[in-house]
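Analysis of the macromolecular model
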Amino acid sequence: CVQYVFIFFFSSRRRHTRYISVTGVQTCALPISTTFLGIVMVSAFLVYQQGETMRMEVQRSTETLRYGLIERGRLLADSMATSMENAIAGYNFTFVADSIKGLQKRNSNLAYAYLTNSDRQIIIHTDADRVGESSAPIPPEVTTATKRDRAGRNVVEIYQPIQVGGATWGTLAL
């Protein structure tokens, strides 16, 4: 009896290639994903740092501009008060009213200006509807206050006392 043994070898080249390929991709993907993640993290950190630097620079610039605006306002209030003191002493309220209204026209940064007497009654205002109203308590010395006006804008008010005959007559507010 003769027996034949047939041994079949099935080539699985395709299968081995597939595993090798997958293994190669997996081996290669790890460094690529790590590198990509590192780049993303470094980029996010740099964007955050730039944002913080920009925010601090804008804040510093804003404070510098605000300080300059307040100082300019104080000088303007002081010079206006000096000229108004002489006009008020001579009862020349037309000059005072024209000065306040002209002041606002010449200064685009000036939201409003008004003059109160010692009883805090507004006697001249760039908004004619406000004349006759009582103002909020005003400090007796030169000072500033940040608040919102009726239009909802943030404004810095500068208060300058008006002295007539050695006594406080009222206050100029810009």
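See above for the structure.
Residues numbered from 1 in each chain as written. Predicted model: local features only at pLDDT ≥ 70, side-chain atom pairs only at ≥ 80, totals over all residues. Heavy atoms only, no water.

For helix H2 (residues 93-106), with 14 residues, the first-to-last C-alpha span of 20 Å sits near the 20 Å given by 1.5 Å per residue. Among all positions in H2, only Val96, Ala97, Ser99, Ile100, Gly102 and Leu103 are buried. (Helix = DSSP H or I, 4+ residues; strand = E, 2+ residues; numbered from the N terminus. Expected span 1.5 Å × (residues − 1). Buried < 20%, exposed > 50% of the residue type's maximum accessible area, 1.4 Å probe, protein only.)

Among the structural elements, threonine 53 can be located in helix H1 (residues 13-89). At 2.9 Å, the side chain of threonine 53 and the backbone oxygen of glutamine 49 are in polar contact. (Polar contact = N/O pair within 3.5 Å; in protein donor to acceptor, adjacent residues only side chain to side chain.)

This next bit is on the pattern of salt bridges. Within the structure shown, the criterion is met by 4 salt bridges. Across the pair glutamate 133 and arginine 130 runs a salt bridge whose closest N-O atoms are separated by 2.8 Å. For glutamate 133, a relative accessible area of 24% corresponds to the partly exposed category. Looking at arginine 130, the relative accessible area reads 18%, which means it is buried. (Salt bridge = Lys/Arg side-chain N within 4 Å of Asp/Glu carboxyl O.)

In this structure, Met84, Val96, Ile100, Leu115, Ile162, Leu172 and Leu174 are the most contacted members of the largest nonpolar core, which totals 18 residues. Put simply, the parts of the chain that give this core at least two residues each are H1, H2 and strand S4 (154-164). At 6 residues, the largest contribution of residues to this core is made by H1. Residues within four places of isoleucine 100 in sequence aside, it is in contact with Met80, Met84, Ala113, Tyr114, Leu115, Ile124, Thr126 and Leu172. Core analysis: the next-biggest nonpolar cluster, separate from the first, contains 7 residues, Ile122, Ile138, Val155 and Ala173 among them. (Core = buried A, V, L, I, M, F, W, Y, C linked by side-chain atoms within 4.5 Å. Contact = heavy atoms within 4.5 Å.)

Bringing the sheet that holds strand S5 (residues 167-173) into the picture now. Reading across from one edge, S2-S1-S5-S4-S3 is the order of the 5 strands in this open sheet, with antiparallel pairing throughout. This sheet does not close on itself; its edge strands, each paired only once, are strand S2 (122-125) and strand S3 (143-148). Across this sheet, the average inter-strand angle for adjacent strands is 25°, counted without regard to direction. Relative to S2, strand S1 (residues 114-117) runs antiparallel, the two sharing 3 bridges. Of the residues in S2, the one forming a bridge with leucine 115 is isoleucine 124. Along the sheet, H2 makes contact with S1, S2 and S5, crossing S2 at roughly 50°. (Pairing = 2+ DSSP bridges. Axes fitted to C-alpha atoms, helices over the stretch in contact; angles between N-to-C directions.)

Turning next to the packing of aromatic side chains. Enumeration according to the criterion identifies 2 aromatic pairs in this entry. Summarising the aromatic geometry, the rings of tyrosine 112 and tyrosine 114 are spaced 6.2 Å apart at their centres and angled 20° between planes, so their arrangement reads as stacked. Each member of the pair, tyrosine 112 as well as tyrosine 114, is classed as buried. (Phe/Tyr/Trp six-rings, centres within 6.5 Å; stacked < 30°, edge-to-face > 60°.)

Before going further, it helps to examine the side chain of asparagine 107. Along the chain, asparagine 107 falls in the loop between H2 and S1. Assessed through its relative accessible area of 10%, asparagine 107 is described here as buried. A polar side-chain atom of asparagine 107 sits 2.7 Å from a polar atom in the side chain of arginine 72. Not counting residues up to four positions away in its chain, the partners in contact with asparagine 107 are Arg72 and Leu76.

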